[in-house]
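Overview (structure and organization)
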Amino acid sequence: MTLPAAITPTNKADRALLAFANSAEFAARDLYAVAASVSAFSKEEQVVLIGFHDHHRAAAQALAGMAGSAATNERSDAVFNAFRGRIMGNDKNAIYDTLRELENTLASTHLSLVGTLEGTGAAALVASILNVQARQAATLALLAGRTFAEALTNGAAALTIGTGT
Amino acid sequence: MNRYSRRHVLRLSGLGAAGVLLAACGKQAGVEESKNVKSVGVLPETDGLASVEVTDIVLLRTAASLEYNAIDTYDAALSLGVFAGAFAAVGDIAKRLRDDHRGHADAINGLVTKLGGQPFTCSNPRLNEIYISPALALITDTDTEDPGLDVLVLAHALENLAAQTYQSFVTLLSDKALREAAMTIGQDEARHATVLARALQPGLQFILPSINADTGKPNIAAVPGAFGPLTPILVTVGPVNADGTRSSLTLETPSLNSLAYDSVLCA
């Protein structure tokens, strides 16, 4: 029996990509912190938002572990500013929609990373984050009152690596 | 006077005994050589295991087989007519998810063909045998209290299994483009599981992990953690047994004994 090759390590280009993902995840963490502080949300809804906040923080930290010294461990302001202006007011569904767009954008970005990374260990980590963020996007669609068909769809483009837009 | 000392006699008798022993272990004249391992009785002839290789094609064929497991399960569920009453809306979801799986199977088999492999167009026989058939037998048992709910629980578990399988294949596929193609579908399966989790548990309870206050067991969670798990999936379905418990099945991602190798064919 012949088995596939063992897990391959990251190279320098991989670590740069993982560092970018690390900063995008910290931006998502901060955006959820803003959303959780919006008074329109009930305590139960805030628990969900804080839960997703924690997931992004965990993802950022895991990516930092793979990126090593390349990781900045700081949020991408470009990603943060692209969504921040729409997380305010009393329209909860609008905020859920914005967060869904954020999750779908990150899911598309991670998907493109899975197809780019040379290191299979790093690709596996990103794939495991991608699966969670797809779930979070679908959840937010349902919370916003979207149809189940919309929850199954990701129309967001991936972030451009380097600029974060 | 004796020419042989006591020591000399002992040495000669030791040599003699060793010679007899060696002669007994060696080939004997007139006795036909046997292919069997030296043993008491006769062992049957064996062909040995086929030499197999876990290639990208094998992994993709396995993924396609899993898609057919899902298609068949949704078809079976729809034919049972269990999506009524509280689960009336789930029928539409089941049809959409089944159609998605058909699309996934076609896409995966398209990649198999492109790589020079033979498309796999039926459900995984091993997974059918150990997971799907036993689960459906329990669900269709006449004593099962709520078959509609149980079908939904099984479908949710299968979607999670599919999401986990694609995720686990990322480290096994040798081609980066195939990893991306796998996760394009893998994230679809994760979304399927989320929609079914909501159907199983309305309100906000379906989202994060929680404990059922009545049973003390974990509730279904659409988002079970920060990272996609690769852990076994417990499915509890069917009638209540004499001891007050229900049967559980543990679903795991395909392993070496359930891959769709080139030699595995659809009946």
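Coordinates for the structure precede this section.
Residues numbered from 1 in each chain as written. Chains lettered and ligands numbered in written order. Predicted model: local features only at pLDDT ≥ 70, side-chain atom pairs only at ≥ 80, totals over all residues. Heavy atoms only, no water.

Okay, the overall build of chain B next. Regarding its fold elements, chain B presents six helices and two strands. Beginning at the N terminus, the succession of helices and strands in chain B can be written as α-α-α-α-α-α-β-β. Residues counted as buried form 43% of the 267 residues belonging to chain B. For chain B, the share of sequence-separated contacts (at least 6 apart) that also reach a separation of at least 24 residues comes to 69%. (Helix = DSSP H or I, 4+ residues; strand = E, 2+ residues; numbered from the N terminus. Buried < 20%, exposed > 50% of the residue type's maximum accessible area, 1.4 Å probe, protein only. Contact = heavy atoms within 4.5 Å.)

Moving on, we come to the overall build of chain A. Summing up its helical and strand segments, chain A has six helices and zero strands in all. Along its sequence from the N terminus, chain A presents helices and strands in the succession α-α-α-α-α-α. A compact globule built from 165 residues would reach a C-alpha radius of gyration of about 15 Å, and chain A, at 16 Å, matches this within 12%. When the backbone C-alpha atoms are referred to their principal axes, chain A occupies close to 55 × 35 × 25 Å. Looking at chain A as a whole, 55% of its 165 residues qualify as buried. (Rg over C-alpha atoms; globule rule 2.2 N^0.38 Å.)

This paragraph deals with helix α3 (residues 90–114) of chain B. For α3(B), with 25 residues, the first-to-last C-alpha span of 36 Å sits near the 36 Å given by 1.5 Å per residue. The positive-phi residue at the C-terminal boundary of α3(B) is Gly116(B), with phi of around 95°. (Expected span 1.5 Å × (residues − 1).)

Before going further, it helps to examine the environment of Val240(B). All names here are of chain B. Secondary-structure assignment places Val240 in strand β1 (residues 233–240). For Val240 and Glu145, which are 95 residues apart along the polypeptide, the C-alpha to C-alpha distance reads 8.2 Å. Setting aside chain neighbours within four positions, we find Val240 in contact with Thr245 and Arg246.

Here the focus is the interface of chain A and chain B. Facing the 49 residues of chain A at the interface are 42 residues of chain B. Regarding the contact of chain A and chain B, the summed buried area is about 3,900 Å², with carbon and sulfur atoms giving 68% of it. Summed over the three residues of chain A that lose the most area to chain B, namely Arg135(A), Phe148(A) and Leu152(A), the buried surface amounts to 20% of that side. Counting every contact that joins chain A to chain B gives one salt bridge. Residue Glu118(A) pairs with Lys176(B) through a salt bridge whose shortest N-O separation is 2.6 Å. Counting every contact that joins chain A to chain B gives eight residue pairs in polar contact (both at pLDDT 80 or more). Counting only elements with at least two residues in the side of chain A that touches chain B, the list comes to α2 (43–67), α4 (92–114), α5 (120–143) and α6 (148–151) of chain A. For the side of chain A that touches chain B, the residue count by class is 31 nonpolar, 14 polar and four charged. (Buried area = accessible area lost by both parts, 1.4 Å probe. Salt bridge = Lys/Arg side-chain N within 4 Å of Asp/Glu carboxyl O. Polar contact = N/O pair within 3.5 Å; in protein donor to acceptor, adjacent residues only side chain to side chain. Nonpolar A, V, L, I, M, F, W, Y, C, P; charged D, E, K, R; others polar.)

Attention now goes to the pairing of β1(B). Residue and element names in this part refer to chain B. By the bridge criterion, six bridges tie β1 to strand β2 (residues 246–251) in an arrangement that is antiparallel. Across the sheet, residue Val240 finds its bridge partner in β2, namely Arg246. Here β1 folds back onto β2 in antiparallel fashion, the turn holding five residues, of which Gly244 has a positive phi close to 85°. (Pairing = 2+ DSSP bridges.)

Turning our attention to the nonpolar core. Membership of the largest hydrophobic core comes to 72 residues, with the highest contact counts inside it found for Leu49(A), Phe52(A), Leu99(A), Leu102(A), Phe83(B), Ile207(B) and Leu251(B). Ignoring any residue separated from it by four or fewer positions in sequence, one finds Phe83(B) in contact with Ala77(B), Leu78(B), Ala88(B), Val90(B), Gly91(B), Ala94(B), Gly148(B) and Val151(B). Counting 44 residues, the second largest nonpolar core, distinct from the first, contains Ala67(A), Ala122(A), Ala123(A) and Val52(B). (Core = buried A, V, L, I, M, F, W, Y, C linked by side-chain atoms within 4.5 Å.)

This part takes up the layout of surface pockets. All names here are of chain B. Estimates place the volume of the largest pocket at around 1,300 Å³. Every residue lining the largest pocket is counted, 36 residues in all, and those nearest its centre are Val153, Pro218, Asn219, Ile220 and Leu234. For the lining of the largest pocket, the secondary structure elements donating two or more residues are α5 (147–169), β1 and β2. When grouped by side-chain class, the residues that make up the lining of the largest pocket number 16 nonpolar, 14 polar and six charged. (1 Å grid on protein atoms, 1.4 Å probe; cavity = no way out; pocket = protein on both sides within 12 Å on 5 of 7 lines; lining within 4 Å. Points joined across faces, edges and corners; volume = space filled by probe spheres on them.)

Turning our attention to the state of the cysteines. In a disulfide, the sulfur atoms of two cysteines are held together by a covalent bond. Residues and elements named next belong to chain B. Tallied over the entire structure, the rule returns one disulfide over all chains. A disulfide bridge connects Cys122 with Cys266, and the sulfur atoms are separated by 2.0 Å. Looking along the S-S bond of the Cys122-Cys266 disulfide, the torsion reads about -90°, which is the left-handed sense. Linking Cys122 in the loop between α3 and α4 (125–139) with Cys266 in the segment after β2, this pair joins segments that are 144 residues apart in sequence. The class for Cys266 is partly exposed, based on a relative accessible area of 30%. (Disulfide = S-S within 2.5 Å.)

Counted according to the given criterion, the structure contains 15 salt bridges over all chains. Through salt bridges with shared partners, a single ionic network connects Arg29(A), Asp30(A), Arg75(A) and Asp77(A).

With a phi close to 55°, Asn73(A) is a non-glycine residue in the positive phi region. Residue position: Asn73(A) is located in the loop between α2 and α3 (77–84).

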